[in-house]
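Read off the chains here:
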Amino acid sequence: PSATDGDYAHYLLHAQAIAEGRSYSDIGFIHSDLNLVGPANQPPGWPLVLAPFVAVFGVHSGVFQLLVTVLVGAFGVTAGMYFLRRREPLVAMAVAAVVPLTLETQYATGSALSDPLFCLLVWLVLVVADTEDRWSWRRALAITLLSAAIIAVRVAGIAVVPALMLYAWLRPRPDRWRALVPVLALLLLSLLIMVFAAEHVPFLGKVGNSIDNVGLGWNGLVSTYRHAYFASTLYPFGGGRANDIYHLAMAVPFMVGAALFARRRVRTLLWSFAVAYAALLMVAPVRDARYAWPLAPLAVAVIVGGLVWIGERVARDTFRSMVPRLVLGLVGFLALSATVQLSR
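These lines cover the structure that appears in this document, whether it is placed above or below. (Residues numbered from 1 in each chain as written. Predicted model: local features only at pLDDT ≥ 70, side-chain atom pairs only at ≥ 80, totals over all residues. Heavy atoms only, no water.)

## As for the nonpolar core
Logical step 1: Residues Trp46, Phe83, Trp123, Tyr277 and Val304 are the most contacted members of the largest nonpolar core, which totals 95 residues.
Logical step 2: Apart from residues lying up to four places away in sequence, valine 304 is in contact with Leu90, Val91, Ala94, Val327 and Val331. (Core = buried A, V, L, I, M, F, W, Y, C linked by side-chain atoms within 4.5 Å. Buried < 20%, exposed > 50% of the residue type's maximum accessible area, 1.4 Å probe, protein only. Contact = heavy atoms within 4.5 Å.)

## Some points on the layout of surface pockets
One simple way to see leftover space: roll a probe sized like a water molecule over the atoms.
Logical step 1: Counted as a void, the second largest pocket has a volume near 690 Å³.
Logical step 2: Forming the boundary of the second largest pocket are 27 residues, of which Tyr225, Phe254, Ala278, Ala292 and Leu295 lie nearest the centre.
Logical step 3: If you list the elements that add at least two residues to the lining of the second largest pocket, you get α10 (218–233), α11 (240–264), α12 (269–283) and α13 (296–314).
Logical step 4: When residues of the lining of the second largest pocket are assigned to their parent elements, the largest contribution, eight residues, is made by α10. (1 Å grid on protein atoms, 1.4 Å probe; cavity = no way out; pocket = protein on both sides within 12 Å on 5 of 7 lines; lining within 4 Å. Points joined across faces, edges and corners; volume = space filled by probe spheres on them. Helix = DSSP H or I, 4+ residues; strand = E, 2+ residues; numbered from the N terminus.)

## Brief notes about the environment of valine 77
Logical step 1: By the element assignment, valine 77 lies in helix α3 (residues 63–85).
Logical step 2: Remark: the alpha-carbon pair of valine 77 and valine 95, spanning 18 residues in sequence, is separated by 7.9 Å.

## Description of a nonpolar patch on the surface
Logical step 1: Taken together, the side chains of Met165, Leu184 and Leu187 make up a nonpolar region of the molecular surface, amounting to roughly 280 Å² of accessible area.
Logical step 2: Relative to the helices and strands, leucine 187 is located in helix α8 (residues 173–197). (Patch = residues over 30% accessible without salt bridge, like charges linked within 9 Å, V, L, I, M, F, W, Y side chains within 5 Å. Areas by Shrake-Rupley, 256 points an atom, 1.4 Å probe, with all protein chains shown as cover. Salt bridge = Lys/Arg side-chain N within 4 Å of Asp/Glu carboxyl O.)

## Some points on the pattern of salt bridges
Logical step 1: Counting across every chain of the model gives seven salt bridges.
Logical step 2: As a salt-bridge pair, arginine 290 and aspartate 7 come within 2.8 Å of each other at their nearest N and O atoms. Taken together, the residues span a long stretch of sequence, with arginine 290 in the loop between α12 and α13 and aspartate 7 in helix α1 (residues 7–19) at a distance of 283 residues.
Logical step 3: Residue arginine 290 is classed as buried on the basis of its relative accessible area of 14%.
Logical step 4: The exposure class of aspartate 7 is partly exposed, given its relative accessible area of 25%.
Logical step 5: The partner of arginine 265 in a salt bridge is glutamate 88, and the shortest N-O contact between them spans 2.8 Å. Remark: glutamate 88 occurs in the loop between α3 and α4 (89–105) and arginine 265 occurs in the loop between α11 and α12; sequence separation between them is 177 residues. Here arginine 265 and glutamate 88 have matching classes, each one buried.
Logical step 6: Shared partners join several salt bridges into a network, and the residues in it are Asp7, Asp115, Arg154, Asp288 and Arg290.

## Focus: the environment of leucine 90
Logical step 1: Within the fold, leucine 90 resides in helix α4.
Logical step 2: In this structure the C-alpha to C-alpha distance between leucine 90 and arginine 138, which are 48 residues apart in sequence, comes to 31 Å.

## Some words on the packing of helix α5 (residues 115–129) against helix α6 (residues 137–153)
Logical step 1: Contact geometry of α5 with α6 gives a least axis separation of 9 Å together with a crossing angle of 160°. With respect to α6, the axis of α5 lies roughly antiparallel. Classified by chirality, the crossing of α6 by α5 is left-handed. Facing Leu117, Phe118, Leu121, Val122, Leu124, Val125, Val128 and Ala129 of α5, the residues of α6 in contact are Arg139, Ile143, Leu146, Ser147, Ala149, Ile150 and Val153.
Logical step 2: When its residues are assigned to classes, the contact of α5 with α6 shows 13 nonpolar, one polar and one charged. (Axes fitted to C-alpha atoms, helices over the stretch in contact; angles between N-to-C directions. Parallel < 35°, antiparallel > 145°, perpendicular 65-115°, else oblique. Left-handed = near helix turned anticlockwise from the far one by under 90°. Nonpolar A, V, L, I, M, F, W, Y, C, P; charged D, E, K, R; others polar.)

## Details of empty space enclosed by the protein
Logical step 1: Scanning all chains against the criterion turns up one cavity of 30 Å³ or more.
Logical step 2: Space inside the largest cavity adds up to approximately 110 Å³.
Logical step 3: Around the largest cavity sit 13 residues that line it, and Val98, Ser232, Ile303, Val331 and Leu334 are the ones nearest its centre.
Logical step 4: Those elements that place two or more of their residues in the lining of the largest cavity are α10, α11, α13 and α14 (323–343).

Note that every value here comes from positions in space, so none of it alone points to a role or purpose.
In structure tokens, the structure reads:
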């Protein structure tokens with residue numbers, strides 16, 4: 001990995017401390033409050049997963065890239081399952097095919113970053129929670145545990161709390177209290193952390209300044225997260241100009257699909273999470289295109305939805321039934337072409 005991409009080493013050092021029975025923070029890392037990145041301690045979720053592998057293989061093994069590769073694939077499949085359960089097989093296949101390529105476009109499998117596990121856990125919550133069926137207490141417990149794991153892996157996972165609050169408020173009244181159980185449990189957990197371990201929460205002291213300056217940072221937001229849009233549409237061509245034209249053209253179905261999603265899916269947890277997580281990205285004191293990876297399946301889904309909507313209104317009656325298959329063929333071509341470009 002690049003010398004500027006040191007997060008993976010931070011996680012491995014914590015995992016090594018756990019494996020060797022030392023204090024979690026005994027990693028030899030010299031922290032400075034003058035440096036925004038590189039908190040004194042990373043959240044413990046990912047190091048706890050890495051610790052058994054470190055104990056067996058050490059910290060310089062290719063097993064970590066293999067582990068992250070498996071998690072990237074699992075993320076794509078899980079996100080595809082979400083849409084398959086909602087009876088959208090076309091979107092499910094497109095998401096499962098494109099999302100791993102989206103992450104690899106930004107070198108997701110190059111090092112032991114926590115982001116693939118974070119994305120996988122987020123979409124596991126969405127698969128379990130986003131249903132028209134009545135919530136059971138077992139479902140509420142599973143969502144509570146998964147949500148706690150999300151926050152333990154990355155602090156940005158705190159966005160799941162307002163997302164669940166909004167989703168619970170939109171649920172039918174009989175279901176509302178059970179949907180609030182994970183929220184109440186997570187708020188209690190957050191309170192305990194603030195009381196007993198606030199100094200170990202990364203970036204906590206920087207959030208206020210970030211909120212004050214959010215209005216001044218639109219250029220930074222656009223310049224950073226436009227790359228997340230580019231990655232979600234892939235780079236299927238060898239030339240930069242051809243990819244630029246392609247990305248500009250795909251902005252049309254992206255905006256159409258986003259408008260359809262905002263209008264039709266307002267009562268889903270995916271809609272609530274997208275709103276909460278986007279708001280968090282706006283006020284976060286640190287920015288990176290990979291922080292938008294949890295929203296990559298949604299980006300693919302809205303693009304596919306926009307392509308189908310446009311195609312069904314442009315095609316003649318005779319060919320209208322073929323539009324979904326044509327869109328799937330286009331997605332397959334783009335995925336294969338992007339795979340060739342990535343391998344080169």
